[in-house]
Each structure stands twice: as C-alpha cells, then as structure tokens.
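The residues making up each chain are set out below.
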Amino acid sequence: GSSLSASSPTSVSSLRRLLGGSDGGDGNAGADGANDPWFDIHRDPCPSELSLAFGPLSALLLKLSSLLRLFPNHPTLLPIINLTERVLATPMSSPMMAAMVGVELIRERCIDWEKSAPVHLSTEPELSAVSALVTRWRKAELRSWRGILRGRQREYEMGSLRMWYHARGLLG
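Here is a short report on the structure shown in this document. Note that this is a predicted model, so its numbers are computed, not measured. (Residues numbered from 1 in each chain as written. Predicted model: local features only at pLDDT ≥ 70, side-chain atom pairs only at ≥ 80, totals over all residues. Heavy atoms only, no water.)

## Some thoughts on the overall build of the protein
Okay, step 1: Assigned secondary structure in the protein consists of 5 helices and 0 strands.
Okay, step 2: Residue burial in the protein is summarised as follows: out of 172 residues, 36% are buried.
Okay, step 3: In the protein, of all internal contacts separated by at least 6 residues, the share reaching a separation of at least 24 is 71%.
Okay, step 4: Accessible surface, the protein: about 9,900 Å² in total, of which carbon and sulfur atoms supply 59%. (Helix = DSSP H or I, 4+ residues; strand = E, 2+ residues; numbered from the N terminus. Buried < 20%, exposed > 50% of the residue type's maximum accessible area, 1.4 Å probe, protein only. Contact = heavy atoms within 4.5 Å. Areas by Shrake-Rupley, 256 points an atom, 1.4 Å probe, with all protein chains shown as cover.)

## Considering the pattern of salt bridges
Pairing is possible between side chains of opposite charge, provided their charged atoms come close.
Okay, step 1: This structure, assessed with the given rule, holds 4 salt bridges.
Okay, step 2: Across the pair Arg 138 and Glu 104 runs a salt bridge whose closest N-O atoms are separated by 2.7 Å. In this pair, Arg 138 is assigned in helix 5 (residues 124-171) and Glu 104 in helix 4 (residues 96-116), connecting sequence segments 34 residues apart.
Okay, step 3: Given the relative accessible area of 21%, Glu 104 is considered partly exposed.
Okay, step 4: The residue Glu 141 makes a salt bridge to Arg 138 at a minimum N-O spacing of 2.3 Å. Of this pair, Glu 141 and Arg 138 both sit in helix 5, 3 residues apart, roughly one helical turn.
Okay, step 5: Judged by relative accessible area, Glu 141 falls into the buried class, the value being 10%.
Okay, step 6: Here Arg 138 falls in the partly exposed class, since its relative accessible area comes to 27%.
Okay, step 7: One network of salt bridges, with partners in common, ties together Glu 104, Arg 138 and Glu 141. (Salt bridge = Lys/Arg side-chain N within 4 Å of Asp/Glu carboxyl O.)

## Re the packing of helix 2 (residues 47-70) against helix 3 (residues 77-88)
Okay, step 1: At their nearest, the axes of helix 2 and helix 3 sit 10 Å apart, and the two run at 150° to each other. Viewed along their axes, helix 2 and helix 3 adopt a mutual orientation that is roughly antiparallel. Relative to helix 3, the crossing made by helix 2 is left-handed. Seen from helix 2, the contacting residues are Phe 54, Leu 57, Ser 58, Leu 61, Leu 64, Ser 65, Leu 67 and Leu 68; seen from helix 3, they are Leu 77, Leu 78, Ile 80, Ile 81, Thr 84, Glu 85, Val 87 and Leu 88. (Axes fitted to C-alpha atoms, helices over the stretch in contact; angles between N-to-C directions. Parallel < 35°, antiparallel > 145°, perpendicular 65-115°, else oblique. Left-handed = near helix turned anticlockwise from the far one by under 90°.)

## Focus: helix 4
Okay, step 1: Given a rise of 1.5 Å per residue, 21 residues ought to cover 30 Å, and the 31 Å separating the end C-alpha atoms of helix 4 matches this to within 8%.
Okay, step 2: Inspection of helix 4 places Met 96, Met 97, Ala 99, Met 100, Gly 102, Val 103, Ile 106, Cys 110 and Trp 113 among the buried residues, and these make up the whole buried set. (Expected span 1.5 Å × (residues − 1).)

## Considering the nonpolar core
Okay, step 1: Membership of the largest hydrophobic core comes to 32 residues, with the highest contact counts inside it found for Val 103, Ile 106 and Trp 137.
Okay, step 2: The set of elements that each furnish at least two residues to this core consists of helix 2, helix 3, helix 4 and helix 5.
Okay, step 3: Ranked by residue count, the leading element in this core is helix 4, at 8 residues.
Okay, step 4: With residues up to four places along the chain from it excluded, the contact list for Ile 106 reads Leu 57, Leu 60, Ile 80, Leu 83, Thr 84 and Val 87. (Core = buried A, V, L, I, M, F, W, Y, C linked by side-chain atoms within 4.5 Å.)

## Comments concerning a nonpolar patch on the surface
Okay, step 1: A cluster of nonpolar side chains, namely Met 158, Leu 161, Trp 164 and Tyr 165, defines an oily patch on the protein surface of about 460 Å² accessible area.
Okay, step 2: Mapping Tyr 165 onto the fold places it in helix 5.
Okay, step 3: On the basis of relative accessibility, which here comes to 52%, the residue Tyr 165 falls in the exposed class. (Patch = residues over 30% accessible without salt bridge, like charges linked within 9 Å, V, L, I, M, F, W, Y side chains within 5 Å.)

Rendered as structure tokens:
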C-alpha cells in the first residue's frame, strides 16, 4: 500500500477523524473512518502519533531504571526495560500500530509488576499515561476499520480485474 505524506491535507484530516478530532466540519465527519479509505493505520506512517509515545515511555523508562538500581538484574524489570528501549527506537516512518504491540506488551508486563510491588515502588503514574496512549490508538484503530476494509476490497477488485484481462488474453 502506498503511504500518504504526513503533511498532506488529506492525511492530516484523515488522522484527525480517526483520532476523534474535528476536520474542520461538524466534528463528526468520518469518526468511523468512512470518509477516507486511503489512510491505513496498519500500513501508513504516522510520525505525529508515534511521537506521542516518547513522553510516557521515557518517563516509564526512567522509573524502571530507578527501580532496577534498587533491584539489580530483577527478572521482571529487565525485560520491560529492554522492550521499552526497543519501542522507543521504533523508526518514525513506522505505522503506529507497529509500535502498538510493543506498547501493549510493556503495559501488560508493568501490570504484572504492579501486582507484586509495594505501593512505594509502583509505576502507576507512568503506567497511566501509557494506558491512555493505548486507549487512544485502539480507538483510532476501531474507527479506521471501515476504510481499511474498503481499501482491501479495492485492492482485490483490481487484482481480479488484472487476472480477468490476463485470462481473456489467454483465451482470445
């Protein structure tokens, strides 16, 4: 699939609609992604959304690093730190859903930490910001499904058309 430029007005308005914001119209235009079948949240890059992950993940990484100083080589903290560093290193040209898997895994592992950690070692304030990001991105994903399905249908229709002309050429 081809990607739309992040500076393209179509891409920006599509993203605003997917994220639940206004595109300058009545505020509800395309809230389900129906008005723009071209923006694909799973394939198209979205640097502005990926940049939103930097703050919450950096804050979480700082907290986890301070906890690691208290508990060197802790078997729960080390994998979370490694995963957080990997997600922070995700290229800005990646679709936000590529980072989403890592962000959700970080969140799940932090929740596991919270289950056994005393209150004074909690990552809850940092985890809350990560959870808000997960919620934002999942809502955008749900709103984009209609457009994604339309785009895939168009791809399959074009593929079928090419095959039809190829088969017709073999027969005629």
